Amino acid sequence: MRPCVTRHRLALAACLLALPSVLRALPASALAVTVGEAAPAFALKDTHGKTVKLSDFKGRHVVLEWTNPGCPFVQKHYSSRNMQDLQKEYTGKDVVWLTISSTAKDTSDYLEPSALHDKYKRWGSAATALLLDDSGSVGKAYSARTTPHLYVINPAGALIYAGGIDDRRSADPADVKSANNFVKAALAESLAGKTVTTGTATPYGCSVRYAR
């Protein structure tokens with residue numbers, strides 16, 4: 001399974017059209033996550049080797065961001081500083097932001113923990129932690145299909161948003177300014193004690209590089 005990593009528009013479009021086949025390739029157990037239900041528990045090591053558990057953040061909002069720095073869609077949101085600004089804004093409001101790499105070691109996009117850490121440090125990431133899911137078990141538990149793919153969990157541990165970061169499904173950084181950011185809206189509404197208006201949206205980006 002090839003990732004959607006290309007700068008040629010026609011090839012990129014063809015790759016995006018193939019994403020439904022990626023979804024079909026995931027086991028049935030990977031499609032069980034549902035907005036409104038409890039978010040699956042997990043424990044992963046960060047790039048420093050420290051174990052981080054979702055349960056460590058009980059009582060707080062948590063954002064999960066699936067990532068792959070080799071993906072042009074991820075690069076779009078970091079080169080424009082869209083992702084870092086969102087991370088900084090909401091971690092400043094006591095939201096936990098966990099960036100997760102489910103890129104398997106047998107794929108060309110894989111980076112060793114230190115290299116991955118350095119990449120996001122250079123990009124100015126303001127995430128709470130950068131976590132390693134080399135086996136892909138957590139990604140599949142959350143049905144993570146693309147990079148980026150984002151999830152918002154409320155203080156009660158329920159999933160309140162799952163999907164793409166916004167509604168502009170392109171790799172062009174210029175599109176960020178005119179996009180409707182679903183993650184920002186979900187966090188703003190939930191922090192204000194309101195029901196999230198848009199709980200799901202179609203994710204877009206490169207397919208997650210799970211183990212072959």
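These lines cover the structure that appears in this document, whether it is placed above or below. Values in this document were obtained by computation on a predicted structure and should not be read as measured data.

Looking now at the sheet that holds strand 1 (residues 43–46). Pairing is mixed in the open sheet, where seven strands are placed in the order 2-1-5-4-3-7-8. Sheet topology places strand 2 (51–53) and strand 8 (159–163) at the edges, where each strand pairs with a single neighbour. Averaged over all neighbouring strand pairs, the angle between strand axes comes to 30 degrees, with direction disregarded. In this structure, strand 4 (residues 96–101) lies alongside strand 5 (residues 129–132), joined through four bridges in parallel fashion.

Inspection of the entire model under this criterion finds one disulfide. Note that Cys71 is cross-linked by a disulfide to Cys206, the S-S spacing being 2.2 Å. What sets the handedness of the Cys71 and Cys206 disulfide is the S-S torsion sign, and at about 90 degrees it is right-handed. With Cys71 in the loop between strand 3 (62–66) and helix 3 (72–79) and Cys206 in strand 9 (residues 206–207), the pair connects residues that are 135 residues apart, well separated along the chain. For the pair Cys71 and Cys206, one class covers both residues: buried.

A regular strand places its side chains on the two faces of the sheet in alternate fashion. For strand 7 (residues 149–153), the buried fraction is high: five of the five residues fall into the buried class. Of the two faces of strand 7, the one holding His149, Tyr151 and Ile153 and the one holding Leu150 and Val152 are both buried throughout. Of the pairings in the sheet, the one linking strand 7 to strand 8 comprises four bridges and is antiparallel in character. By the bridge assignment for strand 8, Tyr151 is matched with Ala162.

The next thing to look at is the packing of aromatic side chains. Counted under the stated rule, the structure contains nine aromatic pairs. Summarising the aromatic geometry, the rings of Trp66 and Tyr151 are spaced 5.5 Å apart at their centres and angled 75 degrees between planes, so their arrangement reads as edge-to-face. Of this pair, Trp66 sits in strand 3 while Tyr151 sits in strand 7, and the two are 85 residues apart along the sequence. Exposure class is identical for Trp66 and Tyr151. Each is buried. In textbook terms, an aromatic cluster arises when at least three aromatic residues are bridged by ring pairs, as seen for Phe42, Trp66, Tyr142 and Tyr151. It is Lys140 that lies over the ring of Tyr210; its NZ or CZ is 5.2 Å from the centre.

In this model, Thr147 is joined to Pro148 through a cis peptide bond whose omega is 0 degrees. In this structure, Pro148 sits in the loop between strand 6 (146–147) and strand 7. The backbone phi angle of Arg81 is positive, close to 70 degrees, even though this residue is not glycine. With respect to the secondary-structure elements, Arg81 resides in the loop between helix 3 and helix 4 (82–91). Taking relative accessible area as the criterion, Arg81 reaches 40% and is therefore assigned partly exposed. With a phi angle near 70 degrees, Asp94 is a residue other than glycine that sits in the positive phi range. Tracing the backbone through its elements, the reader meets Asp94 in the loop between helix 4 and strand 4.

Before going further, it helps to spend a moment on the environment of Cys71. For Cys71, a relative accessible area of 0% translates into the label buried. For the pair formed by Cys71 and Cys206, sequence separation is 135 residues and the distance between their alpha carbons is 6.0 Å.

The next subject is the side chain of Ser190. Inspection of the secondary structure puts Ser190 in helix 7 (residues 182–191). In contact with Ser190, other than residues within four places in its own chain, are His61, Asn154, Ile160 and Val196.

Burial along strand 5 is two-sided: the residues Ala129 and Leu131 and Leu130 and Leu132 are all buried. The parallel pair strand 4 and strand 5, bridged by helix 5 (residues 113–122), forms a crossover whose chirality is right-handed.

Moving on: the packing of helix 4 against helix 7. The interhelical angle for the contact between helix 4 and helix 7, taken along N-to-C directions, is 10 degrees, at an axis separation of 11 Å. When the axes of helix 4 and helix 7 are compared, the pair comes out roughly parallel. Contacts from Leu86, Glu89 and Tyr90 in helix 4 reach Val183, Lys184, Leu187, Ala188 and Leu191 in helix 7. Along the lines of polarity and charge, the residues of the contact of helix 4 with helix 7 split into six nonpolar, no polar and two charged.

Calculation criteria
Residues numbered from 1 in each chain as written. Predicted model: local features only at pLDDT ≥ 70, side-chain atom pairs only at ≥ 80, totals over all residues. Heavy atoms only, no water. Pairing = 2+ DSSP bridges. Helix = DSSP H or I, 4+ residues; strand = E, 2+ residues; numbered from the N terminus. Axes fitted to C-alpha atoms, helices over the stretch in contact; angles between N-to-C directions. Disulfide = S-S within 2.5 Å. Buried < 20%, exposed > 50% of the residue type's maximum accessible area, 1.4 Å probe, protein only. Phe/Tyr/Trp six-rings, centres within 6.5 Å; stacked < 30°, edge-to-face > 60°. Lys NZ or Arg CZ within 6 Å of the ring centre and 35° of its normal. Contact = heavy atoms within 4.5 Å. Right-handed = clockwise from strand over helix to strand, strands pointing away. Parallel < 35°, antiparallel > 145°, perpendicular 65-115°, else oblique. Nonpolar A, V, L, I, M, F, W, Y, C, P; charged D, E, K, R; others polar.

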